[in-house]
Amino acid sequence: MKKLFVGAAIITTLTLGACSSMPSKSMSYDDVVAQATAQHAKAKKLGDVWQQKKMKKPYVDTYLDQAAAAKKKGDDATAMKFAQEALKTANAEVNQMEKYADLQPAWIPTK
């Protein structure tokens, strides 16, 4: 019985923690696009923009273009989905440079 209560407490804690870290659904489309654009500009300034060689535009710009096209067609749900994906990617670009900028590869000897 004790294991059951401990397990339930752990699951509840993890579930509530995951819910609190998710982006708010109450943000408007314009707010999400503005935040994504601002974060992407910050990533460009830091010199870390995610883009594959064959892509014409970075991921964030691609998602924002898809969101704008969906918004133009009147599909608000799809537009919001792509805008949130752009925000998530832009935040990841910035977090990568801010959190891991001082790490060195393992093959470089430390002094």
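To start, this report covers the structure provided alongside it. It should be emphasised that the depicted structure is a prediction, and the values quoted were computed from it without experimental measurement.

**Some details on the packing of aromatic side chains**
Both the distance between ring centres and the angle between the ring planes are used here to describe each pair of aromatic rings.
Argument step 1. In the structure shown here, the tally under the stated rule is 1 aromatic pair.
Argument step 2. For the cation-ring pair, K71 lies above Y29, with the distance from its terminal atom to the ring centre recorded as 4.8 Å.

**What about the environment of K45?**
Argument step 1. Structurally, K45 is set in helix α2 (residues 29-46).
Argument step 2. Spatially, the C-alpha atom of K45 lies 9.7 Å from that of V94, the residues being 49 residues apart in sequence.

**Points about the packing of helix α3 (residues 59-73) against helix α4 (residues 76-100)**
Geometrically, a packed helix pair is captured by the angle between its two axes and the distance between the axes.
Argument step 1. Where α3 contacts α4, the axes come no closer than 8 Å and their chain directions differ by 165 degrees. Compared by their axis directions, α3 and α4 come out roughly antiparallel. Crossing geometry of α3 relative to α4 is assigned as left-handed. Across the interface between the two elements, Y59, V60, Y63, L64, Q66, A67, A70 and K71 from α3 touch D76, T78, A79, F82, A83, E85, A86, T89, A90 and E93 from α4.
Argument step 2. Tallied by class, the residues present in the contact of α3 with α4 amount to 11 nonpolar, 3 polar and 4 charged.

**Here we look at the side chain of T89**
Argument step 1. Assignment of secondary structure puts T89 in helix α4.
Argument step 2. The residues contacting T89, other than those within four sequence positions of it, are W50, Y59, V60 and Y63.

**Topic: the side chain of H40**
Argument step 1. If you trace the backbone, H40 turns up in helix α2.
Argument step 2. Setting aside residues no more than four positions away along its own chain, H40 makes contact with V49, P58, V60, D61, A90 and E93.

**As for the nonpolar core**
Argument step 1. By size, the foremost hydrophobic cluster in this structure holds 15 residues, and its most contacted members are Y29 and A86.
Argument step 2. At the level of secondary structure, the elements contributing two or more residues to this core comprise α2, α3 and α4.
Argument step 3. Of all the elements, α4 adds the most residues to this core, at 7 residues.
Argument step 4. The contacts of A86, once residues within four sequence positions are left out, are A36, V60, Y63 and L64.

**A look at the pattern of salt bridges**
Argument step 1. Counted under the stated rule, the structure contains 4 salt bridges.
Argument step 2. One salt bridge connects D65 with K57, and the closest N-O pair in it is separated by 2.3 Å.
Argument step 3. The salt bridge partner of K71 is D76, with a shortest N-O separation of 3.3 Å.
Argument step 4. Take D76: its relative accessible area is 45%, and that puts it in the partly exposed class.

**Notes on the environment of L64**
Argument step 1. Take L64: it is sitting in helix α3.
Argument step 2. Counting along the chain gives 22 residues from L64 to A86, while the straight-line C-alpha distance between them is 6.2 Å.
Argument step 3. Excluding its chain neighbours within four sequence positions, the residues that come into contact with L64 are V33, A36, T37 and A86.

Each value, and the rule that gives it
Residues numbered from 1 in each chain as written. Predicted model: local features only at pLDDT ≥ 70, side-chain atom pairs only at ≥ 80, totals over all residues. Heavy atoms only, no water. Phe/Tyr/Trp six-rings, centres within 6.5 Å; stacked < 30°, edge-to-face > 60°. Lys NZ or Arg CZ within 6 Å of the ring centre and 35° of its normal. Helix = DSSP H or I, 4+ residues; strand = E, 2+ residues; numbered from the N terminus. Axes fitted to C-alpha atoms, helices over the stretch in contact; angles between N-to-C directions. Parallel < 35°, antiparallel > 145°, perpendicular 65-115°, else oblique. Left-handed = near helix turned anticlockwise from the far one by under 90°. Contact = heavy atoms within 4.5 Å. Nonpolar A, V, L, I, M, F, W, Y, C, P; charged D, E, K, R; others polar. Core = buried A, V, L, I, M, F, W, Y, C linked by side-chain atoms within 4.5 Å. Buried < 20%, exposed > 50% of the residue type's maximum accessible area, 1.4 Å probe, protein only. Salt bridge = Lys/Arg side-chain N within 4 Å of Asp/Glu carboxyl O.

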